Amino acid sequence: MEIKNLTFAYGRRPVLKELNLKFTPGKITSLLGSNGSGKTTLFQILSKGLKPKRGAVFYDKKNIHSIKPKEYAKQVAIVHQQNRVTGDMTVRQLVSFGRTPYMKMMSRYDNRDNEAIDNALEAMSLKELSSTPAVNLSGGQRQRVWIAMALAQETPWLLLDEPTTYLDIRYQYDILELIKKLNDQYDKTVVMILHDVNQAIDYSDEIVGLYQGKVLFQGEPEKVVTKEHMHTLFGVDLEVERYEDRPIVLHRRCLCEV
Ligand code: ADP
């Protein structure tokens, strides 16, 4: 997936400016950036919810805005932030929505659909909860349901907008381990927005730093997580040490201007 000279503005204020970025198939890439740097807007463009003003996103050398929605949904699955559960839908019913791109008018789920749904439930350790109403689940379990819905789509690409937000630290790692498993064992290419730099270091092959709608850096965590980059990206002084052969970002009380 490649983003070329992408410019996007809400009204007259540009949010993404001549953005160029390439995501590598097979890898886990995390997007880091301060609030307002344009991460969610970029994800909305990648999910075709917003159209760029200039430039384009290419998937398999085709402009994604010229690919039919159903076809695109068989290639790229997106888990947005703040999904809401309403009504009494069960976990399995929710996950089965992932099959929508494969459904013909008025058709029912066939064996192939049921197999994909079962596999998705299995991969996210949700089998035992499949008949539970999703409203009864904890935040961590619900996040697994949204990811399972995306898995039932059977796409090579999985995009996740802040998959660990609102989860306590145990469930954050739970989700990150599952995402790693999807990459390792199910060959999913993962692009995700993360807030925690150390989690991005531990779970990504590449990190992209978005700053004011542009790419400030992209590369392996070891190379790009530096004190200077962190200072520019977040506007605070963070210590970058090394621990178990990897960078680790340390932060305590910060003397930043409020
Ligand atoms: P991030 O996800 O990195 O926090 P966003 O993409 O949400 O950044 O926002 C980038 C900028 O665009 C922010 O300044 C935000 O206020 C603005 N913005 C986001 N959504 C809208 C919208 N629907 N209308 C107008 N401005 C918006």
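Residues numbered from 1 in each chain as written. Predicted model: local features only at pLDDT ≥ 70, side-chain atom pairs only at ≥ 80, totals over all residues. Heavy atoms only, no water.

Moving on, we come to the site of the ligand. Around the ligand, the neighbouring residues are Tyr10, Arg13, Val15, Ser34, Asn35, Gly36, Ser37, Gly38, Lys39, Thr40 and Thr41. Contact distances for the ligand include 3.2 Å between an oxygen atom and a backbone N or O atom of Ser37. In this structure, an oxygen atom belonging to the ligand sits 2.8 Å away from a side-chain N or O atom of Thr40. Within the complex, 59% of the 560 Å² of free accessible area of the ligand lies under protein. When contributions to the shell around the ligand are tallied by element, the ones reaching two or more residues are strand S2 (13-22) and helix H1 (39-46). In terms of residues, the shell around the ligand owes the most to one element, H1, which gives three residues. Split by residue class, the shell around the ligand holds two nonpolar, seven polar and two charged. (Near = heavy atom within 4 Å. Polar contact = N/O pair within 3.5 Å; in protein donor to acceptor, adjacent residues only side chain to side chain. Areas by Shrake-Rupley, 256 points an atom, 1.4 Å probe, with all protein chains shown as cover. Helix = DSSP H or I, 4+ residues; strand = E, 2+ residues; numbered from the N terminus. Nonpolar A, V, L, I, M, F, W, Y, C, P; charged D, E, K, R; others polar.)

Before going further, it helps to examine the pairing of strand S3 (residues 28-32). S3 sits mainly inside the fold: five of its five residues count as buried. Residues Ile28, Ser30 and Leu32 of S3 are buried on one face, and the alternating residues Thr29 and Leu31, pointing to the opposite face, are buried as well. Pairing analysis gives four bridges linking S3 to strand S8 (residues 189-193), with the strands arranged parallel. Bridging across to S8, Thr29 finds its partner in Val191. Relative to strand S9 (residues 206-211), S3 runs parallel, the two sharing four bridges. Residue pairing in the sheet places Leu31 in a bridge with Val208 of S9. (Buried < 20%, exposed > 50% of the residue type's maximum accessible area, 1.4 Å probe, protein only. Pairing = 2+ DSSP bridges.)

As a further point, take the domain arrangement of the chain. The assigned domain composition of the chain is domain 1 (1-75 + 156-219) and domain 2 (85-154). The C-alpha centroid of domain 2 is placed 23 Å from the C-alpha centroid of domain 1. Across the contact, 17 residues belong to domain 1 and 15 residues belong to domain 2. Overall, the association of domain 1 and domain 2 removes approximately 1,400 Å² of surface from exposure, summing both partners, and the carbon and sulfur fraction of that is 66%. Where domain 1 meets domain 2, there are one salt bridge. As a salt-bridge pair, Asp174 and Arg144 come within 3.9 Å of each other at their nearest N and O atoms. Taken together, the links from domain 1 to domain 2 amount to four residue pairs in polar contact (both at pLDDT 80 or more). Secondary-structure elements contributing two or more residues to the side of domain 1 that touches domain 2 are strand S7 (157-161) and helix H6 (169-186). Looking at the side of domain 1 that touches domain 2, the element that brings in the most residues is H6, giving seven residues. (Domains from an automatic or database assignment. Contact = heavy atoms within 4.5 Å. Buried area = accessible area lost by both parts, 1.4 Å probe. Salt bridge = Lys/Arg side-chain N within 4 Å of Asp/Glu carboxyl O.)

Right, let's talk about the nonpolar core for a bit. For soluble globular proteins, nonpolar side chains are generally found buried alongside one another. Core analysis: the largest hydrophobic core is formed by 49 residues, its most contacted members being Val95, Ile147 and Met192. A total of eight residues in this core trace back to one element, the largest contributor, which is helix H5 (residues 139-152). Each of domain 1 (1-75 + 156-219) and domain 2 (85-154) contributes no fewer than three residues to this core. Formed by 27 residues, the second largest nonpolar core is a distinct cluster that contains Leu16, Tyr72, Leu159 and Val208. (Core = buried A, V, L, I, M, F, W, Y, C linked by side-chain atoms within 4.5 Å.)

Right, let's get into the packing of H5 against H6. Remark: H5 packs on H6, axes separated minimally by 10 Å, with the N-to-C direction vectors making an angle of 20°. In terms of orientation, H5 and H6 fall into the roughly parallel class. Crossing angle aside, the handedness with which H5 passes H6 is right-handed. Every residue of H6 that contacts H5 at Gly140, Gln143, Arg144, Ile147 and Leu151 is listed here: Tyr171, Asp174, Ile175, Leu178 and Leu182. Of the residues that constitute the contact of H5 with H6, the class distribution is six nonpolar, two polar and two charged. (Axes fitted to C-alpha atoms, helices over the stretch in contact; angles between N-to-C directions. Parallel < 35°, antiparallel > 145°, perpendicular 65-115°, else oblique. Left-handed = near helix turned anticlockwise from the far one by under 90°.)

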